[in-house]
Amino acid sequence: MNHLMQYEANSFKEQNFPIIFLIWKDKGCFKAHWHEHIEFLFFKSNGYKVTIDGISYETKQDDLLLVNGYELHSSERLEGETFFYVLGIATSFFSDVSFPNFSIPSLIQGDTVIRDYFDKLHEEFVKKTPGYDLEIKGLTYKLLCHLVRNYQSKQLSSAEISIKKNKLRKINSILKYIAMHYSKHLTTASLAKQFHLNEQYFCRLFKRETGQSFTNYLNQYRAEKAASFIKESDYNMTEIALLVGFEDSNYFAKIFKKHIGVSPREYKNKLLKEQSKKSL
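The structure presented is a predicted model; accordingly, all values stated were derived computationally and were not measured.

### A word on the overall build of the chain
What the chain contains, in helices and strands, is 9 helices and 10 strands. For the chain, long-range pairs separated by at least 24 residues make up 73% of all intrachain contacts whose partners lie at least 6 apart in sequence.

Here it is in C-alpha cells:
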C-alpha cells in the first residue's frame, strides 16, 4: 500500500498478469487511498475495521469486503492479529465481460462458497504449480459470477462514476496536504482554513470519508512515519518524536504504542533482535 499518496498507482504494471493476490498478516493498518481497480478483502480473523466510501465495517472471520474502483478506503485494527487475503483485479481483466461497472454490496458475510474460492486462490498462488495462472483466472471468473448471480447488483452509470471521482478530489487534496506537512502543527482549524471550508464541515467530511477523526488519522500517520524512522535511521527517540511532529516524548510514546502495538523502544529492540538473527 502507498502510505504517502492516497492514490494507489497501477500495481499491475509490475507484472504481466491482471490479478494480484496478497496475504495481509499482522501488518497493522493501511492508510486512506483509492485506485481504479477492484479489490476484495477476505478476512481470516476478527477485529478489524475498514472504512469504504465513508461507511465503516467491523469485520469478522469469513467476511468479504469489496472495494469498487474510485472508492476511498482505509483501515484500523481493533484487536489481536490481523489476517486477511487481498485480491486485486485490473480493469483489463474485464475487457471481454461486462462486470467493471457493477456495484456488489460492500460487505458479504458467512458465504462458504466465497471462502472456498479464496482458499483455493491462496493455494494456487503459494504452490504455483504448472498452469496455476489459468486456474487463478478460472477461479476469479467463478467468484465474480457467484457474486453477480447471488447478490443484488446494478450497473453504475457514467454520471455515478463521475460523482465518485469528483468526491475524491477534495479529500484527496486534504490527505496529500497532511502527507506533506505531518511534521508541522496541524489542527482542524488550520486545515479548514487551508481548504476554504467551515471547520465543523471539515470535521464531518474527514470523518465520513476516512472513518477516523482528523486527530486519530494524524496521530496514526505520525506513528507509522516514526516506525519508518526507527527502522531506517540512527536518530534517537527524542529526535524522531520531533521529526514526526511531537514535542512531548511521553505523549509520542503513548501514541506510538496505541497505533503500532508496542512502545518505540520495544519496537527498536524487536528490530535489533531480528537483524541479529539474520546475521547469524
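### Let's talk about the sheet that holds strand β3 (residues 48–52)
One open sheet accounts for 3 strands, arranged β4-β3-β6; its pairing is antiparallel. Two strands bound the open sheet, and with one partner strand each, they are β4 (55–59) and β6 (73–77). Averaged over neighbouring strand pairs, the angle between their axes works out to 20° when direction is ignored.

### Points about the packing of aromatic side chains
Aromatic ring pairs: the centre-centre distance and the angle between the two ring planes describe each pair. All chains considered together, the criterion is met by 23 aromatic pairs. With a centroid separation of 5.1 Å and an interplanar angle of 15°, the aromatic rings of F21 and F125 are classed as stacked. Residue F21 is located in strand β1 (residues 19–25), and its partner F125 is located in helix α1 (residues 112–127); the two are separated by 104 residues in the primary sequence. In terms of burial, F21 and F125 fall into one category: buried. Look at F202 and F206: their rings are 5.9 Å apart centre to centre, the planes differ by 35°, and that puts the pair in the tilted class. Separated by 4 residues within a single helix, F202 and F206 lie in helix α5 (residues 199–210), roughly one turn from each other. Residue class for F202 comes out buried when judged on its relative accessible area of 0%. Here F206 falls in the buried class, since its relative accessible area comes to 1%. Here the aromatic cluster, defined as three or more aromatic residues joined through ring pairs, consists of Y182, F202, F206, F214, Y217 and Y221. Over the face of the ring belonging to F83 we find K25, whose NZ or CZ atom lies 4.9 Å from the ring centre. When the ring centre of F246 is taken as reference, the NZ or CZ atom of R222 above it lies at 5.5 Å.

### Points about the nonpolar core
Within the largest apolar cluster, 37 residues are counted, with the highest numbers of intra-cluster contacts made by I174, I178 and F206. At the level of secondary structure, the elements contributing two or more residues to this core comprise α3 (158–181), α4 (188–194), α5, α6 (214–232), α7 (237–243), α8 (249–260) and α9 (264–279). Dropping the residues within four chain positions of it, I174 is found in contact with L191, F195, L197, F202, L205 and F206.

### Notes on unusual backbone geometry
For D62, which is not glycine, the phi torsion reads 75° and is therefore positive. Of note in the backbone geometry, K128 takes a positive phi value of approximately 50° without being a glycine. Examined against the element boundaries, K128 turns out to sit in the loop between α1 and α2 (132–150). When its relative accessible area of 47% is taken as the criterion, K128 is described as partly exposed.

### What to know about the environment of I163
Structurally, I163 is set in helix α3. Under the relative-accessibility criterion, I163 is labelled exposed at 56%. On a C-alpha basis, the gap between I163 and Y70 in space is 9.8 Å, while along the polypeptide they are 93 residues apart.

The rules behind each value
- Throughout this document, residue positions are counted from 1 along each chain, in the order its sequence is written.
- Per-residue local features of the predicted model are confined to residues with pLDDT of at least 70, and side-chain atom pairs are confined, for both listing and counting, to 80 or more; whole-chain, interface and lining totals are unaffected and use all residues.
- Excluding hydrogens and water, the side-chain values take into account all heavy atoms of the structure.
- A run of DSSP states H or I qualifies as a helix once it reaches four residues; a run of E qualifies as a strand once it reaches two. Both are numbered from the N-terminal end.
- We call two residues in contact whenever any of their non-hydrogen atoms come within 4.5 Å of each other.
- Pairing between strands requires that DSSP locate at least two bridges from one strand to the other.
- Here the axes come from fitting lines to C-alpha atoms, over the contacting stretch only for helices, and the angles between their N-to-C directions go from 0 to 180 degrees.
- Two rings from Phe, Tyr or Trp (for Trp, the six-membered ring) form a pair when their centres sit within 6.5 Å of each other. Planes less than 30 degrees apart are called stacked, planes more than 60 degrees apart edge-to-face, and all others tilted.
- The classification of residues rests on relative accessible area computed with a 1.4 Å probe and restricted to protein chains. Under 20% of the type maximum is buried, over 50% is exposed, and intermediate values are partly exposed.
- In this analysis the charged atom, NZ for Lys or CZ for Arg, is taken to sit over a ring once it is within 6 Å of the ring centre and within 35 degrees of the ring normal.
- Buried Ala, Val, Leu, Ile, Met, Phe, Trp, Tyr and Cys residues that are joined via side-chain atoms within 4.5 Å together make up what is termed a nonpolar core.

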